[in-house]
Amino acid sequence: MDERQDTWTIQEKGRFQELKSIKMVVTDLDRTLLQSDKTISPITVETMKKLKRNNIRLAIATARPDRTACDYLGIIDGDAAILLNGALVIAEGNIIARNHIPYENARTILQKLKELYPTATLSVEMDDRLYADFDLELDCEYYKIDFHDLPDGAVDKIIIGSTDLSEITRINALLPQKMYAECNSGKFIMIMNQSARKHLGVMKLSEHFNIPLGEILAFGDDHNDIGMLRECGMGVAMADACIEARQAADYITDTCDDNGVSNFLENHLFTNTDFIAG
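Please read these numbers as outputs of a predicted model, since none were measured by experiment.

What follows deals with the sheet that holds strand β3 (residues 80–83). Taken in spatial order, the 8 strands make up an open sheet running β5-β4-β3-β2-β1-β12-β13-β14, and their pairing is mixed. Each end of this open sheet is capped by a strand with a single partner; those strands are β5 (94–98) and β14 (251–252). Here strand β2 (residues 57–61) pairs with β3 via 3 bridges, running parallel. Looking at β3, one finds that Ile 60 is bridged to Ala 81.

On to unusual backbone geometry, then. Notably, Arg 31 is not glycine yet its phi reads approximately 65 degrees, a positive angle. Looking at the element boundaries, Arg 31 is found in helix α1 (residues 29–33). With a phi angle near 70 degrees, Asn 85 is a residue other than glycine that sits in the positive phi range. Overall, the relative accessible area of 1% leaves Asn 85 in the buried class.

Judged by nonpolar contacts, the single largest core of 39 residues is most densely connected at Val 25, Leu 51, Leu 217, Phe 264 and Leu 265. Counting residues per element, this core draws most heavily on helix α9 (residues 260–269), at 4 residues. Counting 27 residues, the second-largest nonpolar core is a separate cluster that includes Ile 82, Val 202, Ile 216 and Ala 218.

It is worth spelling out the environment of Leu 122 at this point. Here Leu 122 shows up in strand β6 (residues 121–126). Distance in space between the C-alpha atoms of Leu 122 and Asp 146 is 9.8 Å, their sequence separation being 24 residues.

Taken as a whole, the protein chain shows an average pLDDT of 90; of its residues, 91% reach a score of 70 or greater. Confidence drops under pLDDT 50 across residues 1–17; counting only partners more than four residues distant or on other chains, this segment forms 45 contacts.

We now examine a negative patch on the surface. A cluster of acidic residues, Asp 37, Asp 240, Asp 257 and Asp 258, forms a negative patch at the surface. Considering the arrangement of structural elements, one finds Asp 37 in the loop between α1 and α2 (42–53). For Asp 37, a relative accessible area of 52% puts it in the exposed group.

Procedures and definitions
Residues numbered from 1 in each chain as written. Predicted model: local features only at pLDDT ≥ 70, side-chain atom pairs only at ≥ 80, totals over all residues. Heavy atoms only, no water. Pairing = 2+ DSSP bridges. Helix = DSSP H or I, 4+ residues; strand = E, 2+ residues; numbered from the N terminus. Buried < 20%, exposed > 50% of the residue type's maximum accessible area, 1.4 Å probe, protein only. Core = buried A, V, L, I, M, F, W, Y, C linked by side-chain atoms within 4.5 Å. pLDDT = per-residue confidence, 0-100. Contact = heavy atoms within 4.5 Å. Patch = residues over 30% accessible without salt bridge, like charges linked within 9 Å, V, L, I, M, F, W, Y side chains within 5 Å. Areas by Shrake-Rupley, 256 points an atom, 1.4 Å probe, with all protein chains shown as cover. Salt bridge = Lys/Arg side-chain N within 4 Å of Asp/Glu carboxyl O. Lys, Arg positive; Asp, Glu negative; His and termini not counted. Charge placed at Lys NZ, Arg CZ, Asp CG, Glu CD.

Following this line, the structure appears as structure tokens:
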């Protein structure tokens, strides 16, 4: 059998929940809800708005910060956002969880990384600002600094680029017990607070909205989505998700460019006659 499941197939895991019980949908952004051009298709926007008409909560879960994520939340009329991989959780406009890296720990780690990986690129997300020690090839605002001069503030995550991803084990060994490193997009290594994880953010939303995890449906494609794909009542991975995410999911849907999130909801959730179509 091919290592990738066929679209719409289900893994027998003994925790399948009937879709009619779903009360919240949580979706990753990049390569999941967003198409390759970083837009949400009109088809998907309409499907996501149909969730609200059926009293189903909607949240995004992303490694992005507030400044580059929450416009998308507005487009789909969502209720909550798990940001910075779970370092910040917002529900109905209020912060319900924050999981930062202690400032002194961040300074120490940055110094060790500069010593061990002198050619690696380093950047830091803090206070909804991006700081980097190199020239970014992105159309976004950032502050170029030498990390000897890191300003005071709440550090949300440290991002390492231009280094071998196999170094993640070595990097994890450098970190204090309450921090961890994880690969992202197959390109970067992110260092975060141990509590900054998407599935823990979903648990916070579960408590806030009084919705059991078994009644939450999650969509994702990458390593940082695996926890919520496993822990939620149903996990759906994109067709081109990493192998580990596909293995963790209950269903495999189409790619982001083929409206995978919308297709799954329309073909599975909204086929129930109890749902409002328009």
